[in-house]
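Commentary on secondary and tertiary structure
What follows is each chain in one-letter form.
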Amino acid sequence: MNSALIVLLLTVLLSTTALAVETQRTALVLGGGGARGAAHIGVLEVLERERIPVDCVVGTSMGGLVAGSYAAGLSPQSMRDKLATADWTDMFLDVADYSQLSYRKKKVSRRYLTGTELGLTKRGMQIQPGVVAGEKIKLFFNQLVDADLGEREIQELALPLAIVATDIGTGERVVFRSGSLTQAMRASMSVPGLMAPVEHQNRKLVDGGLVDNLPIEVARDLCKADRVIAVNVGSPLKPPESVGSLLSVTAQMIGILTKQNVERSLASLTGSDIYIAPELGDIKASDFARYEKAADIGRVAAERQLSALRVLSVDEKTYVAWKHKNTDARKREIHIDQIVIAPLQRVHPEYVARQIHQQEGQLFDRSQLEQDLVRAYGDGFYDGVDYRVTNQAGRNILEITAREKNWSSDYLTFGFSIDNEYHQGSNFTLRSAYRNTWMNPYGGEFFAAVDVGNESALELDYYQPLNYRQTYFIEPRYFKGREDIVLFTDGTKLAEYQLDTSYSELVLGTNLDVYGQTTIGWREYRIKGTADVSAIALPDVDEHYGGILFSLNLDRRNRIYFPSHGWRSEITFFDSHKEGYQKLSVDLGGAYKLNDFVFAARTLYVSSLVNELPFYDAVMLGGFLNLSGYASNQIIGDDAFYSHLRAERIIGRMPLGLNGDLRMGFAVEAAKLQTVYTMTDEGDWLDSGVIYLGGETPLGPVYLGYGFSFSGDYNLYFKLGAF
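Residues numbered from 1 in each chain as written. Predicted model: local features only at pLDDT ≥ 70, side-chain atom pairs only at ≥ 80, totals over all residues. Heavy atoms only, no water.

Per an unreviewed UniProt entry, the chain goes by NTE family protein and derives from Cellvibrio fibrivorans. In its Subcellular location (unreviewed entry) section, the UniProt entry covering the chain states "Membrane". (UniProt positions renumbered as here; feature names shortened; annotations may be inferred.)

Below you can see the structure in the form of structure tokens.
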């Protein structure tokens, strides 16, 4: 064989080998691990720096989030930037800011505990499917992949993508290769018990990590990959001594299932594959605030595999062409030509539309729309509220989808309060309420509530809006309650006064958007009062009278009990011609946050504009943050002014998924009454102060406080639950 022929054969052999290398396909597999999955971003940074293209990407859970973002054209730096702007604490709280709730929803929230809602159905009682519905999380996914510029469909992405979820009904692996990108992300991240499942094609889908946390097999099949880059960020199992509570046992069970399927996946790796396992140490699956450190650790782990990764590197021209093909080239701003509210079964579309500020023909305002949707979700009638932007015949269509709760429209909800006071002893009240919602297309609602304990009460209410947007309403209501009032004279406990109050009222009202509502109507009272000691200043009464009632209630606080900003005002006026008095009550408050300090104030003025208030409808002062140095309701009178200033320091915050913070506070208080029924020194200024520790918990607000007056009176408080 001559030398020319040998050279020719060697050239052909080398060319064939090079062509074979160039045509080999690479799949990137990103495993699940919650917040630990931010390490994937660091791995992508190394792949980008070393000019390593991939032919497809597959992910599970947080790996599915990063994989989907990468396939949608986001760079690793863009992912870091968007994660930096995310408020992870707020994202795992489905509830809208308290200031954004309707007044009716605020009223229920003040008395009953979030999360205690039970749906009443033909199948019996149903509980909500997860601690977190995932409303804000889904909206964040929309933002992450720029779904506001148009719905992202997996099959339309330039880079082939697959995202893995689990069918909780059958235990089967469900692989998204088409359909909504953000829905696939949301399904794959639905941790059982924590986040509500995603309903898709008659399936209920949860976290894909239960069946395939490192989906190597899916990746090989998706793009017929010859080699795989697999990144495993799963959490290690906890030691036996750390597993004790029901929650920790559940987490360990999920961890065991995940570990087993990951081991099966790792067993399929070959010598041509590259395995990256970032050493994430004490970063937990819930540590989303530590995303940057996790990403840095992922970059370090990838750099340890540089020798293997650089074999896959291509020249700059080839990489730029690959990257350009996978870049999102859509316009960064669009106008909305039409808004469509998807059909609903019970809720009228106009009721949803009232929350939407986006106008047809205007530039799309994603940020405002997200606020509107969270506010709409806060009405409490939906499993989720979402949007999609599609282009039809050159027109941009914004479709709002409100998924009504399919588990019930009738609910039971519960609440309680424990009030332990040094001068009054312990009081315990258990509350339950029944709500029958959307009884007609206008949103008629029946509400029945019962309080049992030291203070008993019954309330029946029917709320009937007069138009689809519920701007106007009519509301008949009946209330009956019993209260035991301890009577004092100059600080000396004399007797207990049992006050039975019942009234019927009919009001016409106007809802003032998210600000509140105003009503005017007629209230008919029946009052009975008796004392356990006959020789006291307050006589037995049995009165029946009515009068005109007006109220204006506005509330823009961001939280119910521990606001950090916002204001509120409650103004009521009652005019009883028969009893010969007019009662005006003005109660104002506000809060302002400065770094870790919150400064707040409250002012109350109650007076009869004609004659004097009867003692059974008089102002009552005393108790926590109501003249704290005195016992609850110790001071009863007319023409009263009360005010306090308080300063609170935030000393801790609730863990991820729970609202509120822990505060240490101090308040100074002052009051003056022109007429006092239970004290002899009327007309004098009364002073008080209180030092307290408090915070919001899953069981409602909790307070531990010491109240005092500068004249030597004092009181101790422990309060827990909705008041």
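1. Some details on the overall build of the chain
Helices and strands together make up the secondary structure of the chain, namely 16 helices and 30 strands. For the C-alpha atoms alone, the extent of the chain along its principal axes is close to 130 × 55 × 45 Å. In the chain, which comprises 723 residues, the share counted as buried stands at 52%. Here the contacts in the chain between residues at least 6 apart in sequence split such that 64% fall between residues at least 24 apart. For the chain, the computed accessible surface area is about 32,600 Å², with 56% contributed by carbon and sulfur atoms. Across the chain, the 72 positively charged side chains and the 89 negatively charged ones have centroids separated by 7 Å. (Helix = DSSP H or I, 4+ residues; strand = E, 2+ residues; numbered from the N terminus. Buried < 20%, exposed > 50% of the residue type's maximum accessible area, 1.4 Å probe, protein only. Contact = heavy atoms within 4.5 Å. Areas by Shrake-Rupley, 256 points an atom, 1.4 Å probe, with all protein chains shown as cover. Lys, Arg positive; Asp, Glu negative; His and termini not counted. Charge placed at Lys NZ, Arg CZ, Asp CG, Glu CD.)

2. Digging into the pattern of salt bridges
Applying the stated criterion to the full structure yields 51 salt bridges. When the shortest N-O distance is used, the salt bridge between Asp146 and Lys82 registers 3.2 Å. Pair noted here: Asp146 is in the loop between helix 7 (135–144) and strand 5 (161–167) and Lys82 is in helix 4 (residues 76–85), with a separation of 64 residues, a long-range link. In this structure, Asp146 and Lys82 share a single accessibility class: buried. Taken together, the salt bridges that share partners define one network made up of Glu45, Arg80, Glu292, Asp296 and Arg299. (Salt bridge = Lys/Arg side-chain N within 4 Å of Asp/Glu carboxyl O.)

3. Points about the pairing of strand 16 (residues 445–453)
Judged from the 8 bridges that link them, strand 15 (residues 425–436) and strand 16 form a sheet pairing that is antiparallel. Note on strand 16: the bridge partner recorded for Thr429 is Gly453. Relative to strand 17 (residues 456–465), strand 16 is paired through 7 bridges, and the arrangement is antiparallel. Across the sheet, Asp451 pairs through a bridge with Ala457, a residue of strand 17. (Pairing = 2+ DSSP bridges.)

4. So, the sheet that holds strand 12 (residues 382–392)
If you trace the 3 strands from one edge of the open sheet to the other, you get 11-13-12, paired in mixed fashion. Each edge of the sheet is formed by a strand with only one pairing partner; in this case those strands are strand 11 (338–341) and strand 12. Recorded for the sheet is a direction-independent mean angle of 15 degrees between the axes of neighbouring strands. Of the strand pairs in this sheet, strand 12 and strand 13 (residues 395–404) are connected by 10 bridges, and their pairing is antiparallel. Bridge assignment links Arg388 to a residue of strand 13, and that residue is Glu399. Packed onto the sheet, helix 16 (residues 366–377) meets strand 12 and strand 13 and runs at close to 150 degrees relative to strand 12. (Axes fitted to C-alpha atoms, helices over the stretch in contact; angles between N-to-C directions.)

5. Remarks on a negative patch on the surface
Among the surface-exposed residues, Glu455, Asp484, Glu496 and Asp532 lie close enough to one another that they form a single negatively charged patch. Tracing the backbone shows Glu496 in strand 19 (residues 492–512). Overall, Glu496 belongs to the partly exposed group, its relative accessible area being 36%. (Patch = residues over 30% accessible without salt bridge, like charges linked within 9 Å, V, L, I, M, F, W, Y side chains within 5 Å.)

6. Comments concerning the confidence of the model for the chain
Taken as a whole, the chain shows an average pLDDT of 87; of its residues, 91% reach a score of 70 or greater. Low pLDDT, under 50, characterises residues 10–21; the stretch is placed with 1 contact to residues that sit more than four places away or in other chains. (pLDDT = per-residue confidence, 0-100.)

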